[in-house]
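Structural overview for review
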Amino acid sequence: MPSITKPKVTHPGLRKNELELTVRDYEGAMSTLCAGCGHDSVTAALVQALWELSVPPHMIAKLSGIGCSSKTTAYFAAGAHGFNSVHGRMPAIATGANAANRDLLYVGISGDGDSLSIGLGHLSHAIRRNVRMLYIIENNGVYGLTKGQFSASADIGSRSKRGEPNTVMPIDPVMLGLSIGATFVARAFSGDKQQLVPILKAAARHRGFALVDVTSPCVTFNDHEGSTKSYLYTREHDLKVTSTDFVPPAPEILATIPPTGHALIPMHDGSLVRFHAVPPDYDPTNRVAVMDYLQQHHDRGEVVTGLLYVDESVEDVHELNNTSHIPLAQLPYERLCPGADALERLQERFR
Amino acid sequence: MPSITKPKVTHPGLRKNELELTVRDYEGAMSTLCAGCGHDSVTAALVQALWELSVPPHMIAKLSGIGCSSKTTAYFAAGAHGFNSVHGRMPAIATGANAANRDLLYVGISGDGDSLSIGLGHLSHAIRRNVRMLYIIENNGVYGLTKGQFSASADIGSRSKRGEPNTVMPIDPVMLGLSIGATFVARAFSGDKQQLVPILKAAARHRGFALVDVTSPCVTFNDHEGSTKSYLYTREHDLKVTSTDFVPPAPEILATIPPTGHALIPMHDGSLVRFHAVPPDYDPTNRVAVMDYLQQHHDRGEVVTGLLYVDESVEDVHELNNTSHIPLAQLPYERLCPGADALERLQERFR
Amino acid sequence: MVQQIATRINDCAIKLANVNGTGSASANSLLMRSVFRMGIPVSGKNLFPSNIQGLPTWYEIRINRDGHTSRALDYDLVVAMNAQTYAQDIREVREGGYVLYDSSWPLDPDLNRSDVSFLGIPLARMCNEHFRSPRERILMKNISYAGALAAALNIELDVISGVLDETYAGKEKLRASNALALQLGYDYALDHFECPLPFSLERMDATGDKILIDGNTATALGCLYAGATVAAWYPITPATSVMDNFTALCKKYRRDPESGECNYLIIQAEDELAALAIVVGASWNGARAFTSTAGPGISLMNELLGLAYYTEIPAVVVDVQRVGPSTGMPTRTQQGDILACAYASHGDTKHILLFPSNPAECFDFAVRAFDLAERFQTPVIMLSDLDIGMNDWVVPRLTWDEGYRPDRGRVLSRDDLDQVARFFRYSDDDENYVTPRTLPGVDARGAYFTRGSGHNKLGGYTEDPAQYQEVIDRLARKHGAAAAFVPEPIIEERGTRIGVVTIGSGDLAVREAVDLLDRSGVRTDLMRIRGFPFSADVQGFLERHEINYVVEQNRDGQLRSLLVLETCTPKDKLRSVLAYGGYPLSAFQVVEGIMKGLEA
Amino acid sequence: MVQQIATRINDCAIKLANVNGTGSASANSLLMRSVFRMGIPVSGKNLFPSNIQGLPTWYEIRINRDGHTSRALDYDLVVAMNAQTYAQDIREVREGGYVLYDSSWPLDPDLNRSDVSFLGIPLARMCNEHFRSPRERILMKNISYAGALAAALNIELDVISGVLDETYAGKEKLRASNALALQLGYDYALDHFECPLPFSLERMDATGDKILIDGNTATALGCLYAGATVAAWYPITPATSVMDNFTALCKKYRRDPESGECNYLIIQAEDELAALAIVVGASWNGARAFTSTAGPGISLMNELLGLAYYTEIPAVVVDVQRVGPSTGMPTRTQQGDILACAYASHGDTKHILLFPSNPAECFDFAVRAFDLAERFQTPVIMLSDLDIGMNDWVVPRLTWDEGYRPDRGRVLSRDDLDQVARFFRYSDDDENYVTPRTLPGVDARGAYFTRGSGHNKLGGYTEDPAQYQEVIDRLARKHGAAAAFVPEPIIEERGTRIGVVTIGSGDLAVREAVDLLDRSGVRTDLMRIRGFPFSADVQGFLERHEINYVVEQNRDGQLRSLLVLETCTPKDKLRSVLAYGGYPLSAFQVVEGIMKGLEA
Ligand SMILES: Cc1ncc(C[n+]2csc(CCOP(=O)(O)OP(=O)(O)O)c2C)c(N)n1
Ligand SMILES: Cc1ncc(C[n+]2csc(CCOP(=O)(O)OP(=O)(O)O)c2C)c(N)n1
Ligand code: SF4
Ligand code: SF4
Ligand SMILES: [Mg+2]
Ligand SMILES: [Mg+2]
């Protein structure tokens, strides 16, 4: 059954994070995905990133829709509440969860089917609202769980396992996000943990909605020639723009991951993200230039990865609405009820 | 009631089109919208454009969702079938209608609420599929019919009639369309019939999905200072990029609308669209440059209007699928049924 | 010849025919409020089009000293302000009644009726003389006819001017214009008509401490007092004003006085699917959250209702019903979503429903909806309707028990978790078959995985028949257990053999019908159902009566269907009396329906 | 000690336990097909997880000379190929039965059972010896156990090799490997076990001209033959293969031989709302169009079903039911969407439903669905389920009447319009209360305006109660009229006092149960309902029986509910027998349920 409990063997030698937790403490149930599925690599990177960030597991909320990708919420952070909801609606459910408690780290995991077809409207509106969350699209160009139909991100000309070519124009979540005002947009490849981990860390600390599009090949239905979401294709065409190292305020970790590069982007919480800009003049803060750059490379058939765009100046949904700093779900009833007198008084206008 | 029959008085002096029809023949029921509603101006332009194009009214199919804007399908082309469907689903219903009969001219009319919130997914996917249709968003930044809530296209800082400011980032259908591969994107202002009519004509003849975003002020709920969708604001900030004249293949009309300008874009049906490029080097065929241009001007707070992007090289949904040239709905049953023998034979594989 | 009608005090029905978007609403509610302030039972029904400007709209006022204020079907007086509908409006005046019209222009002689009196008043001319701006000229016509009616009906001038003065307190210029307009109409009527008309008003003391409020405002108040902090919605008539009011109330009562921070978050969602998804997400995370919608929204929420049902997440949904199917008549009332709500979503599902009958119950039931949703960890749908939601009703003043504390149901705190060997989400059910839940952010020991896919009582994924059944069987029992917790039916019984059963906004009309039937010698007992699942009391009443007439406002007898399925009552004891044209129910429709049934 | 079971011919049940994604499916269906070719009634049930690779999956084969091939609950032989589930699988063998396992590794002694025989066969070792590639080594283990079973059960080697040869015709290398693997297993079994086992097979002639087909393939064939040209869908288990098959069939049979053009268009929609919207758009425009989905899709289609109902647009929806609520168990079967489909959408709505019980009926009913949808201008939902849709069934060969012509219902051509003074969309209803429609693109005189908002019989917008009611009252009558057109119930009556009523995939199990009950002296009559609204025959059967047991696969007795509401039968004559764990229904569950009912 998809959530087999993993035997927890703690090696005494494992490194600990600020909370005295080992990377094992960020793992979840055993994966039931196909051996070699890209999604499992994303899970591994996520486990690493969350550990490095020293987030208390119970302060994480994991949400997903339906799909192979959406199952992965079960495979990390066993100490966190998880919600494997319904197909395509996770961005809205996460919006509600976030509304109730602004203090948690929301990790949303979705697939290209879940996010770009049935859930496109919800994803877009969560982006607009700048709901603070780390939103990962495990993008494989297919519907894995329903056995290999093209998703909306399948490239024109890529062939399905049955040999049929895709003829419909793809939706690129990165371009989509940029065009509707996303404040954090990144793309990575599941097979490249070195790039992915720092991106996930930066995304987790972003002030608003952090969209991370991870090319995550489906070995069963889409890892063959002709598919631009296959390992082969992605490894060849991967063009790195910026490699991101997350530099958290705590000195211990600063020491272990030495900062290099040029652009220093302050995160909302005061921490800094460093960019190894490739090319050197790449500026992830200029939306117009970013879109232009991406389009140019896209036209050459290149998949640009890295932290592509970030704007920490935009307020998140709570800041925009000046919501209570105490999470709404934790406000005592006494502060919510106007009381009998107020009710008596306000009824004057109903006379 | 919203469809009061308009008394049809034909002035003998009215000009006729190729079909010997007057502009009156393209009118519909009397509008029940508020006096001065921008949507009525769009209707007027549409009546003019359809008349100029000499489309037989019964070869038009009018589809809409729900909203004040969506009501306008009743106000033109009385001789055409109309379908005022449900909120947000019109792009998909039109996709189905188009699938059944590729020979009609599909005119879809929607609002910013209908298209950019509840219907965002369907609009995006109709664009991707390049369903051949003229799709008009009568964009007023509000939900008119439900009395003035902000829509997803309301600009940040614009104020509602009750004085509340909008705090959420807008979705610009033009940028959205471009980012997901739209093949025809235009923007106009309902009050400027001179620009709108030729754009509508070009859109009607486009090979695929023609997205026309018309800023169409709601006089009742959004035509006041602070709203960028008001007459006032739009008239001031309107920056025309290209004025489009449609030059149909028939010589009669060629004579009445003299061609001027530089860029000649061939439409799918062989007709030509001329652009009065403003600035002179504006190239509506280069997607990257177009997005760049729009972003630049957007950042300056300018609303760029005109035929902004067009690509006639992309096949429409039927061409992509090599569908029968005889509309599917008109294929005789004899050509559809494989017959008793075939059934007998094919069951061999079920033994 | 006009036949004189007998003199009546505090008993008449008036219809006002206007064009929408011309500002008549304030004049009409001014009239109604004045009657209310005179202590006389009154109702006002707004019959408006799904349109913003320029189409016919009507307002009906029923005044009845006995409190019978359901919709009247014939009118003592029609105020005909819309030339487009003159013919129809004049037709609807009862014999011997009156038509008040704008005599600035001559009335088409074809419209003349010899059996009614025409009261012409040159409203446009008068207002053009006294007011300058086009806007005022239009608006003041309305206030003038209100003035004329005040004279004709004997509404105390003090009272009606008092309401006007309050309305325009602080806006002196406006106040003055309105006062002038009122006086113009009043004086003209006194001068030209035989005032008061045979049906007129007299101060009485029937409204006592009552208030005049619409259901959507009351619902919003209920949500405020219940402690709802997250609300999500998508605009839709007739539910929109629930959220408009909730927003206004939150701005006033939920801003932290010190920090200025908002102790609420209201999200206008991208559609109804998202609205309910947001509610589900927020409730999962521990907030009291709700959405309000109408029929089309309920249809769109089906999948998420099933998710909340199966994952046992509280969710409060207010359905302000309008006429279906499909877009239907968005500005007309119906009770057509009963079945759709009771069994919403594919698979085996049953939901808790609440049926308020007036704004006072909207307030109460909104609070109870949250308590039930959290106690039973499941969606609760409150079925209001356009008549309740958007019309002003006279109801008892709302009161609040300071001792009220939200019933958050079984939520384990960190301390509770200390007591538990190991927490499993769907184990350890209580006497109502409810299992404890935990909230994210509290403790890793409470962490569990919520899934809409097959799960066992430990919360683990399962595809095993027995494990799956164990959980959904408990859900069925849990739903049944809620019968003891939903609002009990209102039963008025005298031991007759005929039961009259109704629901929601049918209440007033049915009560009046019972009275009318009594007078014609047909004695009946009354039950108004207020919640689903049905309690034993519902069953009992149905059993005790040979025949039960189920009065409801839909075509298919949906409440009857639910009673047939969910009580043990034999089907033939349940007969339908239906009215579903979209206007608020009238006692005459009920009487007619029951009489027909009895004769058959 | 293992007790020898009595010798039985053509009567046994076998369960094969595998790991999904290891290619066992082809070996299992090879076995089943071979039995079928030997002329013996057989069924195969695939019990698979909602997962792509690595989890337990089972295949059950029931062989029964009397045609009783509903699911067995205990097994004569278990093929235990999945170490993960050994314990459970071995537990499920009946006393005296057999376990065939891979003896390449020793079996855990804890798993031993003294009352069954263990047949060890070193599958992995054998295959490692004979095959090189890792892929082949995995795949050929399956074929080898098939070979061993052939020997153990006495499946004719010719037959099973014949099936293999056909499967790999033209792929010589593959064919050779498979043949070798088969032989390895076959020989090993002959050499090491007492073949045949006490339950074995013998050629007979019970499958005659029959075919082996799954319901989704048959449904796709029906849609092809019905002349559907537009299809829209969103992938969902267990409905996906309807469209996979329809696509493959269209490619083969719907390409114009000259132009190469496609006489169809299949659109993978962005979601289920869009899928039905596309169908509605295409049907409005004159094409035969359909969609296929499962429960969650039905929930999402609610709003559009209401639109199609109210605007009277044909729409064919195939619901291949799976276990709900919510995501439920996507790879398990249930009949849980009956109520959700019958009354789908807010407001007063009723839909036409068809209930096929096997693939042959899927084919027939798919065609009838289009005829009904167009004749009655309304949605028609065909309720199949996972058991029918995704398992192979032995059914009579499909035949086609060349005389068939689609019933397009009342569609006015240009010529028809010549005959009509003026066309109004919702006027002039025929004896079934159906009004004529026109298609876009034909003639301006036929132009009308379709709206989901209130409309009168002329097609005009209305908010008038009487005009609105006139149309929806006709819709209610129209739905009622369809009762005479849906497939009539199958009734097998002998004048007993007990009726057994079922639906859809329950058929085989219920028939077997009736037989079993007979044998224990309980005589019953059988009715299988095939359509909604219910015809007079349904009502008649229920009336003629003192008690009717309604056997269905859901928790809440949804068919019973529909019968309670939509026939005149008293409720207490209708009793539920329910099974809803997600596995195909077994006769034993039915017998147990009825016996319990009779004893109570
Ligand atoms: C409403 C609804 N429709 C369809 C499905 C079936 N379904 C399950 S997963 C899935 C697509 C998953 O694709 P993607 O999100 O790309 O995830 P992947 O499996 O590729 O990781 C679909 C269509 C569903 N669960 N719910
Ligand atoms: C499912 C559903 N939800 C909500 C509504 C209510 N509704 C009607 S029109 C509308 C918004 C219209 O806005 P827009 O499309 O911008 O049109 P406008 O009136 O501004 O022209 C809404 C929310 C509906 N009809 N259906
Ligand atoms: S099917 Fe594809 S996406 Fe799904 S688990 Fe297997 S490899 Fe991963
Ligand atoms: S409310 Fe606004 S959008 Fe609607 S008709 Fe009036 S002006 Fe037009
Ligand atoms: Mg995918
Ligand atoms: Mg709008």
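What counts and what doesn't
- Residues numbered from 1 in each chain as written.
- Chains lettered and ligands numbered in written order.
- Predicted model: local features only at pLDDT ≥ 70, side-chain atom pairs only at ≥ 80, totals over all residues.
- Heavy atoms only, no water.
- Helix = DSSP H or I, 4+ residues; strand = E, 2+ residues; numbered from the N terminus.
- Buried < 20%, exposed > 50% of the residue type's maximum accessible area, 1.4 Å probe, protein only.
- Contact = heavy atoms within 4.5 Å.
- Areas by Shrake-Rupley, 256 points an atom, 1.4 Å probe, with all protein chains shown as cover.
- Near = heavy atom within 4 Å.
- Polar contact = N/O pair within 3.5 Å; in protein donor to acceptor, adjacent residues only side chain to side chain.
- Nonpolar A, V, L, I, M, F, W, Y, C, P; charged D, E, K, R; others polar.
- Donors = N, O, S within 2.8 Å, 3.2 Å for Na, K, Ca; no water.
- Salt bridge = Lys/Arg side-chain N within 4 Å of Asp/Glu carboxyl O.
- Buried area = accessible area lost by both parts, 1.4 Å probe.
- Core = buried A, V, L, I, M, F, W, Y, C linked by side-chain atoms within 4.5 Å.
- pLDDT = per-residue confidence, 0-100.
- Pairing = 2+ DSSP bridges.
- Axes fitted to C-alpha atoms, helices over the stretch in contact; angles between N-to-C directions.
- Parallel < 35°, antiparallel > 145°, perpendicular 65-115°, else oblique.
- Left-handed = near helix turned anticlockwise from the far one by under 90°.
- Lys, Arg positive; Asp, Glu negative; His and termini not counted.
- Expected span 1.5 Å × (residues − 1).
- Phe/Tyr/Trp six-rings, centres within 6.5 Å; stacked < 30°, edge-to-face > 60°.
- Lys NZ or Arg CZ within 6 Å of the ring centre and 35° of its normal.

On to the overall build of chain A, then. What chain A contains, in helices and strands, is 12 helices and 13 strands. Each of the 351 residues in chain A was classed as buried or not, and the buried ones make up 66%. The long-range fraction of contacts in chain A, counting pairs at least 24 apart against all pairs at least 6 apart in sequence, stands at 71%. Carbon and sulfur atoms make up 54% of the accessible area of chain A, which amounts to about 11,400 Å² in all.

Let us now look at the site of ligand 1. Neighbouring ligand 1 are 24 residues; Ser69(A), Asp112(A), Gly113(A), Gly144(A) and Glu272(D) lie closest to it. Lying at an intersection of chains, ligand 1 is approached by residues of chains A, C and D. The side chain of Ser69(A) places a nitrogen or oxygen atom 2.7 Å from an oxygen atom of ligand 1. A distance of 2.9 Å is found between an oxygen atom of ligand 1 and a backbone nitrogen or oxygen belonging to Val142(A). In the complex, the protein chains occlude 98% of the 590 Å² of accessible area that ligand 1 would expose alone. Contributing elements (two or more residues each) for the shell around ligand 1: helix H2 (68–71), helix H4 (112–118) and strand E5 (142–143) of chain A together with helix H10 (295–311) of chain D. No other element matches the 4 residues that H4(A) contributes to the shell around ligand 1. In the shell around ligand 1, the residues fall into 11 nonpolar, 9 polar and 4 charged.

Glancing now at the coordination of the magnesium ion (ligand 5). Four donors placed tetrahedrally around a metal ideally meet at 109.5 degrees, and six donors placed octahedrally ideally meet at 90 or 180 degrees. All names here are of chain A. Summarising the metal site, the magnesium ion (ligand 5) is bound by the protein donors Asp-112 (OD), Asn-140 (OD1) and Val-142 (O), whose distances to it range over 2.1 to 2.2 Å. Linear spacing of the donor residues for the magnesium ion (ligand 5) on their chain is D-x27-N-x1-V. Each member of the pair, Asn-140 together with Val-142, is buried.

A few words now on the pattern of salt bridges. Where side chains of opposite charge bring their charged atoms close, a pairing between them can arise. Per the counting criterion, the structure on display carries 100 salt bridges over all chains. Close ionic contact of Arg24(B) with Glu27(B) constitutes a salt bridge, the shortest N to O distance being 3.3 Å. In this structure Arg24(B) comes out as partly exposed when scored by relative accessible area, which is 23%. Take Glu27(B): its relative accessible area is 22%, and that puts it in the partly exposed class. Here Lys478(C) and Glu312(C) are joined by a salt bridge, their closest N and O atoms 2.9 Å apart. Linking Lys478(C) in helix H15 (residues 465–481) with Glu312(C) in the loop between helix H10 (295–311) and strand E13 (315–321), this pair joins segments that are 166 residues apart in sequence. Taken individually, Lys478(C) and Glu312(C) each receive the classification buried, so the pair is uniform in this respect. Where salt bridges share partners, they join Glu361(C), Glu488(C), Glu492(C), Asp507(C), Arg511(C), Arg528(C) and Arg530(C) into one cluster.

Turning to the interface of chain A and chain C, a few remarks are in order. At the interface, 63 residues of chain A touch 75 residues of chain C. Regarding the contact of chain A and chain C, the summed buried area is about 5,500 Å², with carbon and sulfur atoms giving 61% of it. On the chain A side of the contact with chain C, His81(A), Tyr333(A) and Arg351(A) bury the most area, a combined 16% of that side's loss. Note that Arg397(C) and Glu344(A) form a salt bridge whose closest N and O atoms lie 3.1 Å from each other. The interface formed by chain A and chain C includes 30 residue pairs in polar contact (both at pLDDT 80 or more). Taken together, the elements giving at least two residues each to the side of chain A that touches chain C come down to strand E1 (60–64), strand E2 (81–84), helix H3 (90–100), helix H5 (120–129), helix H11 (317–321) and helix H12 (339–346) of chain A.

Quick look at the nonpolar core now. Membership of the largest hydrophobic core comes to 212 residues, with the highest contact counts inside it found for Leu563(C) and Leu563(D). Dropping the residues within four chain positions of it, Leu563(C) is found in contact with Val501(C), Ile529(C), Phe534(C), Val538(C), Leu542(C), Val550(C), Leu574(C) and Lys571(D).

Time to look at the confidence of the model for chain A. Across chain A, the average pLDDT comes to 85, with 80% of residues at or above 70. Ignoring residues within four places in sequence, the model shows residues 273–278 of chain A, a span with pLDDT below 50, making 43 contacts including any to other chains.

Let us now look at unusual backbone geometry. All names here are of chain D. The residue after Cys-195, namely Pro-196, is reached through a cis peptide bond having omega -10 degrees. Among the secondary structure elements, Pro-196 is positioned in the loop between helix H6 (172–192) and strand E8 (199–200). For the bond from Gly-324 to Pro-325, the omega torsion is -5 degrees, close enough to zero to count as cis. Residue placement: Pro-325 occurs in the loop between strand E13 (315–321) and helix H11 (338–342). Located in the positive-phi region is Gln-377, a residue other than glycine, with phi close to 50 degrees.

As a structural note, the neighbourhood of ligand 4 is formed by Leu33(B), Cys34(B), Cys37(B), His39(B), Cys68(B), Asn140(B), Cys218(B), Val219(B), Thr220(B), Phe221(B) and Ile52(C). Chains contributing residues near ligand 4 are chains B and C. Considered class by class, the residues forming the shell around ligand 4 number 8 nonpolar, 3 polar and no charged.

Turning our attention to the coordination of the magnesium ion (ligand 6). All names here are of chain B. On the protein side, the magnesium ion (ligand 6) has Asp-112 (OD), Asn-140 (OD1) and Val-142 (O) as donor atoms, found 2.1 to 2.2 Å from it. If you list the donors of the magnesium ion (ligand 6) from N- to C-terminus, the spacing comes out as D-x27-N-x1-V. In this pair, Asp-112 sits in helix H4 (residues 112–118) while Val-142 sits in strand E5 (residues 142–143), placing the two residues 30 residues apart along the sequence. Val-142 carries the same exposure label as Asp-112, and that label is buried.

Residue and element names in this part refer to chain D. Across the 9 residues that make up strand E2 (residues 11–19), a large majority, 8, are buried. Here E2 pairs with strand E4 (residues 56–64) via 9 bridges, running antiparallel. Each residue of the ladder has a partner; that of Cys-12, found in E4, is Ile-63.

Our next topic: the packing of helix H3 (residues 90–100) of chain B against helix H9 (residues 272–284) of chain D. When two helices pack together, their arrangement is captured by the angle between the axes and the distance separating the axes. Following both chains from N to C, one finds H3(B) and H9(D) inclined at 45 degrees, their axes separated by 6 Å at the closest point. As summarised for this structure, H3(B) and H9(D) are arranged oblique, according to the angle between their axes. Considering how the two elements wind past one another, H3(B) and H9(D) form a crossing that is right-handed. Contacts between H3(B) and H9(D) pair Ala92(B), Ile93(B), Thr95(B), Gly96(B), Ala97(B) and Ala100(B) from the former with Ala274(D), Ala277(D), Ile278(D), Gly281(D), Ala282(D) and Trp284(D) from the latter.

Take the interface of chain C and chain B next. Each side of the interface is counted separately: chain C has 22 residues, and chain B has 28 residues. Here chain C packs against chain B, burying approximately 1,700 Å² in sum over the two surfaces, 55% of which is carbon and sulfur. On the chain C side of the interface with chain B, the three residues burying the most area are Ile52(C), Gln53(C) and Tyr234(C), jointly 32% of the side's total. The interface formed by chain C and chain B contains 0 salt bridges. Linking chain C to chain B there are 7 residue pairs in polar contact (both at pLDDT 80 or more).

Turning to the environment of Leu304(C), a few remarks are in order. With respect to the secondary-structure elements, Leu304(C) resides in helix H10. Taking the relative accessible area as the measure of exposure, Leu304(C) reaches 0% and is therefore buried. Ignoring sequence-local partners within four residues, the contact set of Leu304(C) consists of Val86(A), Arg89(A), Ile93(A), Leu273(C), Leu276(C) and Ala277(C).

The next subject is the sheet that holds strand E25 (residues 574–578) of chain C. All names here are of chain C. Within the open sheet, the 5 strands sit side by side as E20-E22-E21-E24-E25. Their pairing is mixed. One side of each edge strand has no neighbouring strand; the edge strands of this open sheet are strand E20 (490–492) and E25. On average, each strand axis in the sheet is tilted by 20 degrees relative to the strand beside it, whichever way the strands run. Examined bridge by bridge, strand E21 (residues 498–503) and strand E22 (residues 525–529) share 5 bridges and lie parallel to one another. Bridge assignment links Val-501 to a residue of E22, and that residue is Met-527.

Time to look at the side chain of Glu552(C). Residue and element names in this part refer to chain C. The residue Glu-552 is located in strand E24 (residues 547–552) in this model. This buried residue, Glu-552, is left without a salt bridge; Arg-560 holds the nearest opposite charge, at 7.1 Å. Within the local environment of Glu-552, its side chain forms a polar contact with the side chain of Asn-554, the two groups lying 2.9 Å apart.

Time to look at helix H1 (residues 38–53) of chain A. Since the α-helix packs 3.6 residues into each turn, any two residues three or four apart lie on the same face. Residue and element names in this part refer to chain A. Counted at 1.5 Å a residue, the expected span for H1 with its 16 residues is 22 Å, and the 23 Å between its end C-alpha atoms agrees. Along H1, 12 of the 16 residues are buried, which leaves the element largely enclosed by surrounding structure. Every buried residue belonging to H1 is among Gly-38, His-39, Val-42, Thr-43, Ala-45, Leu-46, Val-47, Ala-49, Leu-50, Trp-51, Glu-52 and Leu-53, and all of these are buried. Just downstream of H1, Ser-54 is the residue with a positive phi angle, here 55 degrees.

Geometrically, a pair of aromatic rings is defined through the distance of the ring centres and the angle of the planes. Scanning the entire structure with this criterion turns up 32 aromatic pairs over all chains. Taken together, the ring pairs in this structure connect Tyr333(A), Tyr225(C), Phe363(C), Trp400(C) and Tyr404(C) into an aromatic cluster. Over the aromatic face of Phe76(B) sits the side chain of Lys62(B), whose NZ or CZ is 5.5 Å from the ring centroid. The ring of Trp393(D) carries the charged tip of Lys45(D) above its face, separated from the ring centre by 4.1 Å.

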